[in-house]
Amino acid sequence: MSAETVVVEISMYPTRDAFIPAVDDFLEALNAVPEMEVQTNAVSTLVYGPYDHVLDTLKRLMWEADPSGIFVMKIKPRADREIGRYGLTGAVKE
């Protein structure tokens, strides 16, 4: 991909007891979006793709998600798709 790519590491923390359905719904919606690579591990989800598309999608999906959700993100602009086992390790493209 070009320099217009991004890797985002995102976690959702619903603040209610029945949090698993809220997280599952968010992940299902995220995985249904074309033109993005999505990898989920035990604590976060990594999203890779075109910068504007990824960030616009996350903005929309966070707004539509369970209102009890708190989101934590790490954003690596101009990233090559180098996603490590434990999280974001995107390298800057020169």
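Since this is a predicted model, take the numbers as computed values, not measurements.

Below, the discussion takes up the sheet that holds strand β2 (residues 37-40). As summarised here, the arrangement of the four strands in space is β2-β3-β1-β4, forming an open sheet in which the pairing is antiparallel. The sheet terminates laterally at β2 and β4 (69-77), the two strands that pair on one side only. On average, each strand axis in the sheet is tilted by 20° relative to the strand beside it, whichever way the strands run. Helix α1 (residues 20-31) contacts β1 (5-14), β2, β3 (45-50) and β4 of the sheet and is inclined by roughly 160° relative to β1.

We now examine the pattern of salt bridges. Oppositely charged side chains may form a pair once their charged atoms are brought near each other. In the structure shown here, the tally under the stated rule is three salt bridges. A salt bridge links Lys 74 to Glu 9; the nearest nitrogen and oxygen atoms lie 3.4 Å apart. With Lys 74 in strand β4 and Glu 9 in strand β1, this pair connects stretches of sequence that are 65 residues apart. Residue classification places Glu 9 among the buried residues on the basis of a relative accessible area of 8%. The partner of Asp 66 in a salt bridge is Arg 16, with the nearest N and O atoms 2.4 Å apart. Taken as a pair, Asp 66 in the loop between α2 (51-64) and β4 and Arg 16 in the loop between β1 and α1 lie far apart in primary sequence, 50 residues in all. Among the residues examined, Asp 66 registers a relative accessible area of 18% and is labelled buried.

Below, the discussion takes up the packing of aromatic side chains. Counted according to the given criterion, the structure contains one aromatic pair. When the ring of Phe 26 is compared with that of Phe 71, the centres are 5.1 Å apart and the planes differ by 55°; the resulting orientation is tilted. Taken together, the residues Phe 26 in helix α1 and Phe 71 in strand β4 connect sequence positions 45 residues apart. Residue Phe 26 is classed as buried on the basis of its relative accessible area, which comes to 6%.

This paragraph deals with α1. The terminal C-alpha atoms of α1 lie 16 Å apart, and with 12 residues this matches the ideal 16 Å at 1.5 Å per residue to within 8%. Within α1, burial applies to Ala 22, Phe 26, Leu 27 and Leu 30. Buried residues of α1, seen end-on, are gathered within an arc of 130° and therefore sit on one face of the element. In this structure, α1 carries Ile 20, Asp 25 and Glu 28 as exposed residues pointing more than 90 degrees from its buried face.

This paragraph deals with α2. A turn of α-helix holds 3.6 residues, and therefore any two residues three or four places apart point the same way. Its 14 residues place the ends of α2 20 Å apart at the C-alpha level, agreeing with the 20 Å of an ideal helix rising 1.5 Å per residue. Buried within α2 are the following residues: Val 54, Thr 57, Leu 58 and Leu 61. The arc enclosing the buried residues of α2, seen along the axis, measures out at 100°, which places them on a common side. Those residues of α2 that are exposed and angled more than 90 degrees off the buried face are Asp 52, Lys 59 and Trp 63.

Thresholds applied
- Residues numbered from 1 in each chain as written.
- Predicted model: local features only at pLDDT ≥ 70, side-chain atom pairs only at ≥ 80, totals over all residues.
- Heavy atoms only, no water.
- Pairing = 2+ DSSP bridges.
- Helix = DSSP H or I, 4+ residues; strand = E, 2+ residues; numbered from the N terminus.
- Axes fitted to C-alpha atoms, helices over the stretch in contact; angles between N-to-C directions.
- Contact = heavy atoms within 4.5 Å.
- Salt bridge = Lys/Arg side-chain N within 4 Å of Asp/Glu carboxyl O.
- Buried < 20%, exposed > 50% of the residue type's maximum accessible area, 1.4 Å probe, protein only.
- Phe/Tyr/Trp six-rings, centres within 6.5 Å; stacked < 30°, edge-to-face > 60°.
- Expected span 1.5 Å × (residues − 1).
- Arc of directions from axis to C-beta.

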